[in-house]
Amino acid sequence: MKPGIHPDYHPVVFRDRAANFAFLTRSTMTGEKTVVWEDGTTYPVVDVEISSASHPFYTGSARVVDTAGRVERFRRRYGGGTEGAASADRG
């Protein structure tokens, strides 16, 4: 790596306050606040709104949208298919 062209890459704690979850990693981000980590060292902390501990996909609380059911309901309600588009092309 060339010296002097890369950003400062240092240990940072990312904290998800909603889930009471934090993890230590390396990043170029920095924060105004600091936190004393489990090893006794003080690190800058970056607060995030969502992480794997609070994201619905990772927690298993994500809703699966039933698109096939919606299409069938639309066809039942507004008439079964593409007949309207075909008749419009004819004339």
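This text gives an overview of the structure that appears in the document. (Residues numbered from 1 in each chain as written. Predicted model: local features only at pLDDT ≥ 70, side-chain atom pairs only at ≥ 80, totals over all residues. Heavy atoms only, no water.)

1. Description of the side chain of His10
- By the element assignment, His10 lies in strand 1 (residues 10-16).
- Polar side-chain contacts of His10 include one of 3.0 Å to the backbone oxygen of Met29. (Helix = DSSP H or I, 4+ residues; strand = E, 2+ residues; numbered from the N terminus. Polar contact = N/O pair within 3.5 Å; in protein donor to acceptor, adjacent residues only side chain to side chain.)

2. What to know about the environment of His10
- Looking at His10, the relative accessible area reads 14%, which means it is buried.
- Taking the C-alpha atoms as reference, His10 lies 6.4 Å from Thr28; in sequence the two are 18 residues apart.
- Sequence-distant contacts of His10, that is, excluding residues within four places in its chain, are made with Thr25, Arg26, Ser27, Thr28, Met29, Thr30 and Pro44. (Buried < 20%, exposed > 50% of the residue type's maximum accessible area, 1.4 Å probe, protein only. Contact = heavy atoms within 4.5 Å.)

3. Notes on the pattern of salt bridges
- Summed over the entire model, instances satisfying the criterion amount to four salt bridges.
- Within the structure, one salt-bridge network assembled from shared partners comprises Arg15, Arg17, Lys33 and Asp47. (Salt bridge = Lys/Arg side-chain N within 4 Å of Asp/Glu carboxyl O.)

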